[in-house]
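This is what each chain is made of:
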Amino acid sequence: MRNALVIAGREIAAYFVQPIAYVVMTVFLLLGGWFFFALLRRFDLIQQMYLAMQNPAMLQRMNLNQMVIEPLLHNMAIVLVILVPAITMRSFAEEKRSGTYELLLTAPVRTGEVVAGKFIAAAVLILVMVVLAAIFPLILVLFGNPEIGVMASGYLGLIFLGLAFVAVGLFTSSVTQNQIIAAISCFGALLLLYVISWPAETGGGTWSGFLRYLSLPEHFATMVRGIISTKDIVYFLSVIAVALFLTQRSVESVRWR
Amino acid sequence: MIEVKNLTKIYGTFVAIKDVSFQAKKGQILGFLGPNGAGKTTTMRIISGFMPATAGTVLVDGLDIFTQSLEARRRIGYLPENPPLYNEMRVEAYLRFAGKLRGLSRGDLDAAVEHVLEVCGLREVSSRICGQLSKGYRQRVGLAGAIIHEPQVLILDEPTIGLDPRQIRDIRALIRELGANRTIVLSTHILPEVSQICDKVVIINEGHVVLEEALDQLPAGTSLEDVFLNAIARERGHEDTEAEEELEEVGAGRSSAQ
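Visitor: Sorry if this is basic, but what is going on with the overall build of chain A here?
Guide: Secondary structure summary: chain A contains 13 helices and zero strands in total. Listed by position from the N terminus, the elements making up chain A come as α-α-α-α-α-α-α-α-α-α-α-α-α. Each principal axis of the C-alpha distribution contributes one length, and for chain A these read about 75 × 45 × 30 Å. Burial analysis of chain A (257 residues in total) assigns 40% to the buried set.

The structure is reproduced here in structure tokens:
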């Protein structure tokens, strides 16, 4: 565990020195802010419309959570699909190219600890991003009356989603020494997980049930609506576990080739 | 201290090294010689535990590098051909990281970093960024990282390549010093380097050992160069004839085709 933290510490320092972390956080918050602004404008416009139409029934049904936070979280999730490959692409590919891989693999450190260290580092970055993005609901709390529990559940979902993305990204980075290949295959895998249930939308049966279970947004959407169910947590944890296991195998495979 | 037994490494169908065996005792500096592409780096990567052999074993201090890998790796310092530096890190931070990775405790770390900064002459660059260092300094930082945990065994892959004459002299002096109470395996294709600093020489060619001899056991009056060229030429000898035969066959094939 200590070794994993040593590696994580170096990784995090590298994120901030390089300065990938700042760029990624800026882009994430900038886009998030833009979505937030747009959604809030829309909310405001609709509210004024109903006020002008003197329609109290419709006004009653307006909901900050549903009209602002939900779409905001879904949009930020899409931004993560694009940003996470950029965060994770260098993790193993860069080490292989620059030769530092030999330092890591000849040190008295288990491959599992190397993978854990890299995962912790990227996870910390994701956590920082999501926590900073909590500024948006905070603004709503200060000037409105949204449901805090529902928002917290959605943000928790965003963290799980980010961690699952990171695990997939680590795997694609571990199979190549080319960062662009790592990033593009990660992006492809994440996008596929996003749209995997599309063919299932029309049909029923076990097959489409299975595809729907695999689909990331299905599970994320439940959490965004404020429902934290074991089923979804298990799904995210399984994606993380499977991807990290594959990463560990792929790092270890240098030793059997 | 190091026992290399019948190492064979096959990449797909390419045989990189075949049945390589040699040993080095404590206090010995072993020069690992061979032409480019002879399998030096492959052998050293196997000894250092970076990758396994297809067959054969390596014992470091009696520990098997494959089955007791973590314990064995703790005793090894390895400097690959390209020093494994993180280009964005400062020299001192890099050395601290290398030390922590090798399991140095917080208490020992400061002293160890101070020590290698001194020994490798890195004091004046300790706060520079690794990516901006000259080749000579990179090599020395790599070496400092490899010896920071006071390993019993040092594996150095072409440690003097790309250095200027003064730096070469410094590094050689440093290696001699380090070799006094350790086992060092040093690969090179610079022959004078071996006669200057090594106690023992192993010559490898096309993936197998053609000579293993203590330097003072070499026949008097023959230079290492002669020994090296002879050993390789003996090999080349029958291969050249094979190659010629092959060429003749090809030639014959062509003329018959015409």
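Visitor: Would you mind going over helix α4 (residues 106-119) of chain B with me for this structure?
Guide: At 3.6 residues per turn, the α-helix brings residues three or four places apart onto the same side. All names here are of chain B. Over its 14 residues, α4 extends 20 Å from the first C-alpha to the last, a length consistent with the 20 Å expected when each residue adds 1.5 Å. Turning to α4, its buried residues number three or more, namely A112, V113, V116 and L117. Along the axis of α4, the buried residues cluster in a sector spanning 130°; they form a single face. Away from its buried face by more than 90 degrees, α4 exposes G107, D110, A111 and E118. For α4, the secondary structure elements touched by its buried residues are α3 (91-101) and α5 (135-147).

Visitor: Is there a simple way to think about helix α8 (residues 135-143) of chain A in this case?
Guide: Residue and element names in this part refer to chain A. Within the sequence span of α8, burial applies to F136, P137 and L140. Angular distribution of buried residues about the axis of α8 spans 95°; they occupy a single face of the element. Opposite the buried face of α8, at more than 90 degrees from it, the exposed residues are I135, L138 and L142. Tucked into the core, α8 has its buried residues touching α2 (20-53), α4 (64-88) and α9 (148-174).

Visitor: When you look at the interface of chain A and chain B in this model, what are you seeing that I'm missing?
Guide: Many authors give the size of an interface as the accessible area that is lost as the parts come together. In this complex, chain A contributes 19 residues to the contact, which on the side of chain B involves 22 residues. Breaking the side of chain A that touches chain B down by element, the ones donating at least two residues are α1 (2-17) and α6 (100-106) of chain A. When its residues are assigned to classes, the side of chain A that touches chain B shows 10 nonpolar, six polar and three charged.

Visitor: Looking at this model, I keep getting lost on the environment of R249 of chain A. Mind explaining?
Guide: Within the secondary structure, R249 of chain A sits in helix α13 (residues 230-252). Once the C-alpha coordinates of R249 of chain A and S98 of chain A are considered, the two residues, 151 residues apart in sequence, prove to be 21 Å apart.

Rules and cut-offs
- Residues numbered from 1 in each chain as written.
- Chains lettered and ligands numbered in written order.
- Predicted model: local features only at pLDDT ≥ 70, side-chain atom pairs only at ≥ 80, totals over all residues.
- Helix = DSSP H or I, 4+ residues; strand = E, 2+ residues; numbered from the N terminus.
- Buried ≥ 20, exposed ≤ 12 C-beta atoms within 10 Å, placed from the backbone.
- Expected span 1.5 Å × (residues − 1).
- Arc of directions from axis to C-beta.
- Contact = placed C-beta atoms within 7 Å.
- Nonpolar A, V, L, I, M, F, W, Y, C, P; charged D, E, K, R; others polar.

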